[in-house]
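Each chain is listed here by its residues.
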Amino acid sequence: MTRAATRAARRRGARVRAALLALGLLALGGAQARTVKIVSADTLELRQVDGQELVVISGENVELRVDDDVVRAKRVEFNRTRRTLTLIGAASYRSAKDGEDLRGENLVVELGKEQVSGEDVLISDARLEIRGQEVDRIPGQLRATGGYFTTCARCGRTPNDYAFRAERLIVYPGDRLVAYNAQLLLADIPVLFLPVLVLPLNDRDRQPRLEVGRDAVDGLTVLADLPFSVGGNTLGTTRLRYYQNRTPSVGAGVTLRSYAPLPFVDRVDLDLLAEPRPVGQTGRDVNLTFGVKGRVPLTLAVRDLDYSLNVTRRDIGRGATDPQRGLTDVQFRASVEYPLFTAALDYVDRFGPAPTTALDSTKTLKRPEVTVDPKPYTNGPLSADVKVTAGNYTGQSNPRSPSATAQGVNITTSRLEEQHSLAYTVKPWTDADLSLSNTFTGRYYGTGARTVQLDVTGTLTQRWAGSNTFSVTAKYLRTEGTSPFAFDALSGRLLSAPVSLNLSTVPVRDVSFGVSYSRDLFLRGEQQGNATFSLGVNRRPLSLTASAQVNPDKRTLEDVTFNATLADPDSGKVTVTPAQPATATTPARPATTTRTSAWPAPNLSLSASGGYALATGPKPLTVTAAVTGDVRSNLFSVAVTHNVRTPEITAVTVRYNLTRTQDTVLNALSVSGDETLNPVTGQLSGSLTALWRGQYQFRTSHSLLLQRPDTAISSGTLDFSVGTVSGSRDSWTVKYGGAYDLRRGGFTAPQLSGELTRTRSGQSLAVTAVMNTPGLDQKRTELTRVQLSGAAQFGSRFWVSGSALYTRTRAALPNDIATDTLQLSPLRVNLGLGRAGERPGAYLTGTLTQSFTWVDGVRQTPGPLTPVFGLTIDRCCWALQAEADLVNRRYRIAVGLPGQTGYPLFELTPGGASVPLLSPP
């Protein structure tokens, strides 16, 4: 590398380091709460121009993050004084909130106002594309002059089916687009001039609605929702209601959604509706939801003060005697963080009827509550954390407090809560740790009551010889007092001082031993717990775990458990250590051979588990012998469980897994299964699975009583199945079985069932059938269920799909009448129309959804087939749908825009024609 190249590399490294340093500078330099971060850049410069601080970021691919928004350009000038980003040349701005992409020249981003402006800008989202000579984007609104917009840009057709050219555009994301002095273009040819054009953008809450109907109780009803906007940041809907027979007859309301309407206010939401009460009552019921969120910058605060206010009232639909009628809930919260502490104010209240029932713990009233939480203090090994909360509360009375319940189901009083946690950790000497902690929560109430929760803990741990430890832990626990409130009531009194000893040691290689014991200084001897002794041995061929519970006061052995295994699959392997010649410091060593253990059978393992309990005596003893084949997947094991107390054998279990191996890849045949016999009850259960080449399997399972009761009609269940492994592209299964009686030697009511699934590219078929076959208690052979579903596509123009279900049921004897049902849900045929090699522009559809029922072979309520035919003209950015039910003489036409399922234009039925816009839905 030349010296010049070396200097250039150093300069590039310095620029990268400067960019990384600027990452922190920019993260703190975002206006108000917005944060700017550098994702990628090549160079970075700091400049002072006319008293303003500029950060110039450049590179082949400069990428910045403004909160969740993404900025991409080749050069960005960040004016930290004015809080602006200027994107030099061609650049893009991706709004994460609205899902919009802005592309243009010399875009300017104002961080304080969250505004983007530029020239010759292209804006696109999931449904709309806009081009504008000049564009300004602010929260909740986008403005463009000299604009061209269309919803067909993503369809891939040229020219667009329809588009609009306008002098001025205003877009409310997700709501609507308003164009002034607009021309309608069909295939880019002007055909119509419109002074004002409003295009909904598919936000259901922002669609105009008019419903006119007639009700037997309310008479004529009219419901109207009319969207509107106020300025550039407020969207709303006027809600009008008319009920002919109510008093009064007229109701009204409004919904508002405002973005940054005032300084320090980020969002305002209002939903208000005053509706006439039901017939027979006078006056209006009110539903109200009001919410405000915002931030207030404070000079010394780490973050802005955040606040939120929510007001809720729900009267509509409540009965006249409902206690929640006329009730308004108010919730207010403000929080702020300073370098030394955080603080919060909560106000939760209700206005209206006083509560007559106990308040839920989640609805405790705070009038108000103030929380001050200083930052944790640390000084060497000492740390301290304190938190104070004070307020006036109304909540459910504590049933354990007589003075509180005397005031009613709810009580109101003040409360002061102080919490602190102290910790101290030090090493008093080598390999020793001493930790002390104090946790305290005290609550003091205006009624004079108080509660205390205290936890003082000290632990001394000593380590030696690596893995050996001994620790002593002493605690003082105290809980006392009775709260007048139920939401912070303590579970009871507690006074405890446990001292715990724990020893964990490795006395010899491969052996571990442990002892643990805890004694409470405030309890009597008969109330103390047990000492636990544990032993572990892991020296081949023995693996042993055992534990014992001993009561030192009673000097009794309370409980013992053990699990021991003798096994060493590597005992047959010999390890040879080669000879080592003598050196100047070490003598010569001959070659040696070693084994892991002297276990004589590498393929055999023996295990036993059991125990003893003072209260119940010996525990069941389980002995297991397992043999492993040359291939580790081959296994055969026998386990016997003996109830020592009875004494009798309660279970004999055999498990096996056998695999015939032809090579290291393909296993032709594998068999696995298990069998369990309970000699006491005579219950025999198990299963067997044979798998051929990993694709086909035979399986049988059973659960039978060898000696069934005389009152039972069967001994249990038995079934057989053969088929492919589930999950295959093409799979099938045939199964036979059901209840089986060993005494009579046959199935009582067997069933034969089958499943078939086939999948191809563009095609799928699934068939399921169940048939009753003759048995001891079933003499008839008949189909009881058949289900067929599938879909097939032929080329790019024609496809069919459908689902059919046939079932047969029989009434109880002596009638024994069969009921057959056939359900088509649905059968569908589709035909695409259009030019060859292009996406179809229209579709013909035939659909049949119908149910047929036969009772004793006679069809019930016979009638003709009722197919429905449809025509869909799909142009990507608009669609026309027509539907015809020829039998029922019902015809519908609907039109849809991008993102809409279709808006009905009119419907023709035997009862007459209707226009949904002027008719109730």
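Thoughts on the overall build of the chain
Right, on to step 1. A tally of regular secondary structure across the chain gives 2 helices and 59 strands.
Right, on to step 2. Taking 29 Å as the expected radius of gyration for a compact globule of 921 residues, we find that the chain reaches 41 Å, considerably beyond that expectation.
Right, on to step 3. Expressed as lengths along the three principal axes of its C-alpha atoms, the size of the chain is roughly 100 × 90 × 90 Å.
Right, on to step 4. Buried positions account for 31% of the 921 residues belonging to the chain.
Right, on to step 5. Within the chain, contacts between residues at least 6 apart in sequence are counted, and of these 39% link residues at least 24 apart.
Right, on to step 6. Within the chain, the 84 negative side-chain charges are centred at a point lying 3 Å from the centre of the 102 positive side-chain charges.

Remarks on the side chain of Thr-457
Right, on to step 1. With respect to the helices and strands, the residue Thr-457 is situated in strand E27 (residues 450-464).
Right, on to step 2. For Thr-457, a relative accessible area of 15% puts it in the buried group.
Right, on to step 3. Within the structure, the side chain of Thr-457 is placed 2.9 Å from the side chain of Asp-455, a separation counted as a polar contact.
Right, on to step 4. Not counting the four nearest positions on each side in its chain, Thr-457 is found in contact with Ser-435, Leu-436, Ser-437, Thr-473, Ala-474 and Lys-475.

A word on the pattern of salt bridges
Right, on to step 1. Scanning all chains against the criterion turns up 47 salt bridges.
Right, on to step 2. Of the charged contacts in the structure, one is a salt bridge between Arg-478 and Glu-480, with a shortest N-O distance of 3.0 Å.
Right, on to step 3. Judged by relative accessible area, Arg-478 falls into the partly exposed class, the value being 33%.
Right, on to step 4. Accessibility expressed as a relative area gives 12% for Glu-480, which makes it buried.
Right, on to step 5. Here Lys-619 ties to Asp-559 by a salt bridge, and the two come within 3.0 Å at their closest N and O atoms. Within this pair, whereas Lys-619 is found in the loop between strand E38 (617-618) and strand E39 (621-628), its partner Asp-559 is found in strand E34 (residues 556-566), the two being separated by 60 residues in sequence.

Considering a nonpolar patch on the surface
Right, on to step 1. Residues Leu-669, Trp-692, Tyr-696, Phe-698, Phe-720, Val-722, Trp-732, Val-734, Leu-752, Leu-756, Leu-765 and Leu-788 make up a contiguous nonpolar surface patch of roughly 940 Å² in combined accessible area.
Right, on to step 2. Listed by contribution, the elements that provide at least two residues to the nonpolar patch are strand E44 (696-705), strand E45 (716-724), strand E46 (731-741) and strand E48 (751-760).
Right, on to step 3. Within the secondary structure, Phe-698 sits in strand E44.

Examining unusual backbone geometry
Right, on to step 1. Each neighbour pair has its own omega, and for Thr-247 with Pro-248 the value is -5°, a cis peptide bond.
Right, on to step 2. Secondary-structure assignment places Pro-248 in the loop between strand E15 (234-243) and strand E16 (250-259).
Right, on to step 3. With an omega dihedral of 5°, the bond running from Arg-540 to Pro-541 counts as a cis peptide bond.
Right, on to step 4. Relative to the assigned elements, Pro-541 resides in the loop between strand E32 (531-539) and strand E33 (542-551).
Right, on to step 5. One non-glycine residue, Asn-181, lies in the positive phi region at around 55°.
Right, on to step 6. Summarising the element assignment, Asn-181 is placed in strand E11 (residues 176-186).
Right, on to step 7. With a relative accessible area of 34%, Asn-181 lands in the partly exposed category.
Right, on to step 8. Despite not being glycine, Thr-861 shows a phi value in the positive range, around 40°.
Right, on to step 9. Along the chain, Thr-861 falls in the loop between strand E54 (858-859) and strand E55 (868-874).

Digging into the packing of aromatic side chains
Right, on to step 1. For the structure shown, the criterion picks out 12 aromatic pairs.
Right, on to step 2. Both rings, one in Tyr-393 and one in Phe-487, keep their centres 6.0 Å apart while their planes meet at 45°; by these two values the pair is tilted. Linking Tyr-393 in strand E24 (residues 382-396) with Phe-487 in the loop between strand E28 (468-481) and strand E29 (494-496), this pair joins segments that are 94 residues apart in sequence.
Right, on to step 3. Here Tyr-393 falls in the buried class, since its relative accessible area comes to 1%.

Points about the side chain of Thr-43
Right, on to step 1. Considering the arrangement of structural elements, one finds Thr-43 in strand E2 (residues 43-49).
Right, on to step 2. On the accessibility criterion, Thr-43 (19% relative accessible area) is buried.
Right, on to step 3. Among the polar contacts listed, one links the side chain of Thr-43 to the side chain of Ser-58, at a separation of 2.4 Å.

With respect to the confidence of the model for the chain
Right, on to step 1. With 91% of its residues at a pLDDT of 70 or more, the chain has an overall mean of 86.
Right, on to step 2. Low pLDDT (under 50) marks residues 4-33, which in the prediction has 33 contacts with non-local residues, meaning those over four places away or in another chain.

What to know about the pairing of strand E22 (residues 365-374)
Right, on to step 1. For strand E21 (residues 341-351) and E22, the ladder comprises 7 bridges, and the chain directions are antiparallel. From the neighbouring strand, Phe-341 faces E22, where its bridge partner is Pro-374.
Right, on to step 2. Pairing geometry for E22 and E24, over 6 bridges, is antiparallel. Across the sheet, Lys-366 pairs through a bridge with Tyr-393, a residue of E24.

Side note on the environment of Tyr-307
Right, on to step 1. Along the chain, Tyr-307 falls in strand E19 (residues 303-314).
Right, on to step 2. Linking Tyr-307 and Ala-474, residues 167 residues apart in sequence, is a C-alpha distance of 45 Å.
Right, on to step 3. There is a polar contact of 2.8 Å between the side chain of Tyr-307 and the backbone oxygen of Phe-264.

Observations concerning the pairing of strand E43 (residues 683-692)
The two faces of a sheet get side chains in turn, since along a regular strand they alternate between them.
Right, on to step 1. Across 10 bridges, the pairing between E43 and E44 is antiparallel. Its bridge partner lying in E44, Thr-689 is registered against Arg-699.
Right, on to step 2. The hairpin turn running from E43 into E44, its antiparallel successor, is 3 residues long, and Arg-693 in that turn takes a positive phi close to 55°.

So, the environment of Ala-548
Right, on to step 1. Along the polypeptide, Ala-548 turns up in strand E33.
Right, on to step 2. Separated by 17 residues in sequence, Ala-548 and Ala-531 have C-alpha atoms that sit 8.1 Å apart.

Describing the environment of Ala-182
Right, on to step 1. Tracing the backbone through its elements, the reader meets Ala-182 in strand E11.
Right, on to step 2. Along the chain, Ala-182 and Thr-505 lie 323 residues apart, while their C-alpha atoms are 88 Å from each other.
Right, on to step 3. Setting aside residues up to four positions removed in sequence, Ala-182 forms contacts with Arg-165, Ala-166, Leu-192, Phe-193, Leu-194 and Leu-197.

What counts and what doesn't
- Residues numbered from 1 in each chain as written.
- Predicted model: local features only at pLDDT ≥ 70, side-chain atom pairs only at ≥ 80, totals over all residues.
- Heavy atoms only, no water.
- Helix = DSSP H or I, 4+ residues; strand = E, 2+ residues; numbered from the N terminus.
- Rg over C-alpha atoms; globule rule 2.2 N^0.38 Å.
- Buried < 20%, exposed > 50% of the residue type's maximum accessible area, 1.4 Å probe, protein only.
- Contact = heavy atoms within 4.5 Å.
- Lys, Arg positive; Asp, Glu negative; His and termini not counted.
- Charge placed at Lys NZ, Arg CZ, Asp CG, Glu CD.
- Polar contact = N/O pair within 3.5 Å; in protein donor to acceptor, adjacent residues only side chain to side chain.
- Salt bridge = Lys/Arg side-chain N within 4 Å of Asp/Glu carboxyl O.
- Patch = residues over 30% accessible without salt bridge, like charges linked within 9 Å, V, L, I, M, F, W, Y side chains within 5 Å.
- Areas by Shrake-Rupley, 256 points an atom, 1.4 Å probe, with all protein chains shown as cover.
- Phe/Tyr/Trp six-rings, centres within 6.5 Å; stacked < 30°, edge-to-face > 60°.
- pLDDT = per-residue confidence, 0-100.
- Pairing = 2+ DSSP bridges.

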